Amino acid sequence: MQPLLVLIEPGLTHLLNTGGSRATLEHGMGHWTEAIERFGEYWAGETLLIANQAPQDLIGIDTVHLVKEPMVDPARSLPLRARSLLVRASDPLLSGALGSMLMRDNWEAHQHDELGAMLSAVAKDNHQVTIFISTAIPVTAETIIRNTAEIQRIAGATSRVKLRIRFSSQGQERRALHPSYFGLQLRRWSDRAGAVDLKFGVEVESMAQRYSEIAGLPVSWVPWPKEVTGCGTSNAKSTSNKNHIYIYASRPEQGSHRSQEIVSGLRSALGSSARYTVQIGKKGRLRSPIMINELRKSPDVLLCDSGLPPDQLHAQFADASVIILPYEVDRYRGRGSALMWGALDHGIPLIAPAGTGFGDDIARHGIGFAYRRRKEIPALVGRVLAEEADLKEAIARYQVHRIAAVRDYFE
């Protein structure tokens, strides 16, 4: 029997919280499906996806089990919300064990009984199984921890069960809170799980190192696997001889309202030697309608919407000379960007803000540049165009480093 990978992915759970009718795991709705496909195709054995809802044409997935009761974090009680507000108001004074304890119930308040039963059944029927949460939320992580002993008991002493819990966004970083709150929560989960083959992982390399130090246990860096789902290096050739500058600013927190400012600065610096693709989604367009009209009228600017399946999204930037990710630092402190992985698979250097998790990693590995002020962007684009060969070599080295990280996590 081949080793089984059980992927757990609720998808866009806030739609369920607000009564939305869209599928929670859907092509073009965020990057969840692309992540699932990459991890599924990476796996050498059988794959099973457990989800709220899911499309049937996912690459790399053999079987899909849909839960009857949606996997979603329940609404927090008034006492829990009050604790959270207290911690946020007092940060960094409460950073450390006390603040972390006050935040604990936000993560441990609920489990998903149906998911727990599913995992026990899978462990009973498969002697080699890796249970993997690709984008953990409190309810899925807590369910794994609460059911660890039962899963091990049902699997039996001769079975090999691995538990892998990966966080794409920890929530604490999104709110600019001290990393100790989340790092010490990992410590508590690890202690409760006991002596099992459990590995925690996060998407941002620098944060993996920091959480490891806080928690006093290994926290792995887990990037997306290298592109294997048909969105790899494009053979399409542009008919334009101008450098293609791609600006990904889908939502307001990703800098959508700054797009015109960035394009204007680049025009002043590069003249007519470049063309631009600017991706702005619905929320970004609603916030800045006047700016959107200006971009539409600008020569050499292609304005694109969000919500595209992975292959269509990749087709937009596959021939780019550089990708700019002008995200807001406060919202992305310690966080990653899924678009970074696609850019690197096409060998494209990146420019991003210093102080974001992905921006700091980009600068440290030399796969692009990080800026502290947006007015630095035109000069950094000039550097990318001038140092193309060196940046391509750095990206090739980084890809090897990235592949090794994914392999080590699943071993």
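Residues numbered from 1 in each chain as written. Predicted model: local features only at pLDDT ≥ 70, side-chain atom pairs only at ≥ 80, totals over all residues. Heavy atoms only, no water.

One key point about sheets: their strands pair by backbone hydrogen bonds, in either a parallel or an antiparallel sense. The sheet built from 6 strands is open, its strands ordered 10-9-8-11-12-13 with parallel pairing. Each end of this open sheet is capped by a strand with a single partner; those strands are strand 10 (301-304) and strand 13 (368-371). Strand-to-strand, the axes of this sheet are offset by a mean angle of 20°, without reference to chain direction. Where strand 8 (residues 243-248) lies against strand 11 (residues 322-324), 3 bridges are found, and the strand directions are parallel. Bridge pairing in strand 11 links Tyr-246 to Ile-323. Across the face of the sheet, helix 14 (residues 338-345) comes into contact with strand 8, strand 11 and strand 12 (350-353) while running at roughly 160° to strand 12. (Pairing = 2+ DSSP bridges. Helix = DSSP H or I, 4+ residues; strand = E, 2+ residues; numbered from the N terminus. Axes fitted to C-alpha atoms, helices over the stretch in contact; angles between N-to-C directions. Contact = heavy atoms within 4.5 Å.)

Following Asp-91, the chain continues into Pro-92 via a peptide bond in cis, with omega recorded as 10°. With respect to the element layout, Pro-92 can be found in the loop between helix 3 (78-90) and helix 4 (97-108). With phi around 65°, Asp-300 is a residue other than glycine that occupies positive phi space. In this fold, Asp-300 is placed in the loop between helix 11 (289-297) and strand 10. Residue class for Asp-300 comes out partly exposed when judged on its relative accessible area of 34%. (Buried < 20%, exposed > 50% of the residue type's maximum accessible area, 1.4 Å probe, protein only.)

In this section: helix 15 (residues 357-365). For helix 15, every residue scored as buried is listed here: Gly-357, Phe-358, Gly-359, Asp-361 and Ile-362. In this structure, the buried residues of helix 15 make contact with helix 8 (205-215), helix 13 (329-332), helix 14, strand 12 and strand 13. A positive backbone phi angle near 70° is found at Gly-366, which sits one or two residues after helix 15.

Strand order across the open sheet formed by 7 strands is 3-2-1-4-5-6-7, with parallel pairing between neighbours. Edge positions in the sheet fall to strand 3 (63-66) and strand 7 (219-221), since each of these pairs with one other strand and no more. Averaged over all pairs of adjacent strands, the angle between their axes in this sheet comes to 25°, without regard to strand direction. Across 5 bridges, strand 1 (residues 4-9) lies against strand 4 (residues 128-133) in parallel orientation. For Ile-8, the partnering residue across the bridge sits in strand 4 and is Ile-133. Sitting on the sheet, helix 8 is in contact with strand 6 (197-202) and strand 7, with an inclination near 170° to strand 7.

With respect to the element layout, Thr-140 can be found in helix 6 (residues 138-155). In this structure Thr-140 comes out as buried when scored by relative accessible area, which is 1%. Here Thr-140 is in contact with Ile-8, Pro-10, Met-71, Leu-115 and Ile-133, once residues within four sequence places are set aside.

On to the layout of surface pockets. The space that makes up the second largest pocket amounts to roughly 180 Å³. As for the second largest pocket, its lining consists of Asn-243, Ala-318, Asp-319, Ala-320, Ser-321, His-346, Ile-348, Pro-349, Val-384, Leu-385, Glu-388 and Lys-392. Every element with two or more residues in the lining of the second largest pocket is listed here: helix 16 (377-386) and helix 17 (388-410). (1 Å grid on protein atoms, 1.4 Å probe; cavity = no way out; pocket = protein on both sides within 12 Å on 5 of 7 lines; lining within 4 Å. Points joined across faces, edges and corners; volume = space filled by probe spheres on them.)

Before going further, it helps to spend a moment on the pattern of salt bridges. Close approach of charged atoms lets side chains of opposite charge pair. All chains considered together, the criterion is met by 25 salt bridges. Notably, a salt bridge pairs Arg-38 with Asp-345, separated by 2.6 Å at the nearest N-O pair. Of this pair, Arg-38 sits in helix 2 (residues 32-42) while Asp-345 sits in helix 14, and the two are 307 residues apart along the sequence. Asp-345 gets classed as buried once you look at its relative accessible area, which sits at 8%. Between Arg-364 and Glu-205 there is a salt bridge; the shortest N-O distance is 3.6 Å. (Salt bridge = Lys/Arg side-chain N within 4 Å of Asp/Glu carboxyl O.)

Turning our attention to the pairing of strand 13. Note that strand 12 and strand 13 share 4 bridges and pair parallel. Across the sheet, the residue bridging to Ala-352 is Ala-370, located in strand 13. Chirality of the crossover, the property in question, places the unit of strand 12, helix 15 and strand 13 among those that are right-handed. (Right-handed = clockwise from strand over helix to strand, strands pointing away.)

We now examine the side chain of Arg-402. Topologically, Arg-402 is positioned in helix 17. Here Arg-402 falls in the buried class, since its relative accessible area comes to 0%. Polar contacts involving the side chain of Arg-402 include one to the main-chain carbonyl oxygen of Trp-224, which spans 2.9 Å. At a separation of 3.1 Å, a polar atom in the side chain of Arg-402 contacts the main-chain carbonyl oxygen of Pro-225. Discounting residues that sit within four places of it in the chain, Arg-402 has contacts with Arg-38, Trp-221, Pro-223, Trp-224, Pro-225, Lys-226, Glu-227, Trp-341, Leu-344 and Asp-345. (Polar contact = N/O pair within 3.5 Å; in protein donor to acceptor, adjacent residues only side chain to side chain.)

Further remarks concern the nonpolar core. Ranked by internal contacts, the top residues of the largest apolar core, which has 87 residues, are Val-6, Ile-131, Ile-165, Phe-167 and Ile-323. Top element by residues in this core is helix 17. It accounts for 7 residues. For Ile-131, the residues in contact, after removing those within four places along its chain, are Val-6, Ile-8, Leu-119, Ile-144, Ile-151, Val-161, Lys-162, Leu-163 and Arg-164. Within the second largest apolar cluster, 26 residues are counted, among which are Ile-245, Val-263, Ile-292 and Val-301. (Core = buried A, V, L, I, M, F, W, Y, C linked by side-chain atoms within 4.5 Å.)

Relative placement of two packed helices is described by the angle separating their axes and the distance separating the axes. Interhelical geometry of helix 3 versus helix 4 gives an angle of 145° and a closest axis separation of 9 Å. Seen from above, helix 3 lies across helix 4 with left-handed handedness. Note on element contacts: helix 4 touches helix 3 through Gly-99, Leu-102, Met-103, Asp-105 and Asn-106, opposite Leu-80, Arg-83, Ser-84, Leu-86 and Val-87. A class-by-class count of the residues in the contact of helix 3 with helix 4 yields 5 nonpolar, 3 polar and 2 charged. (Left-handed = near helix turned anticlockwise from the far one by under 90°. Nonpolar A, V, L, I, M, F, W, Y, C, P; charged D, E, K, R; others polar.)

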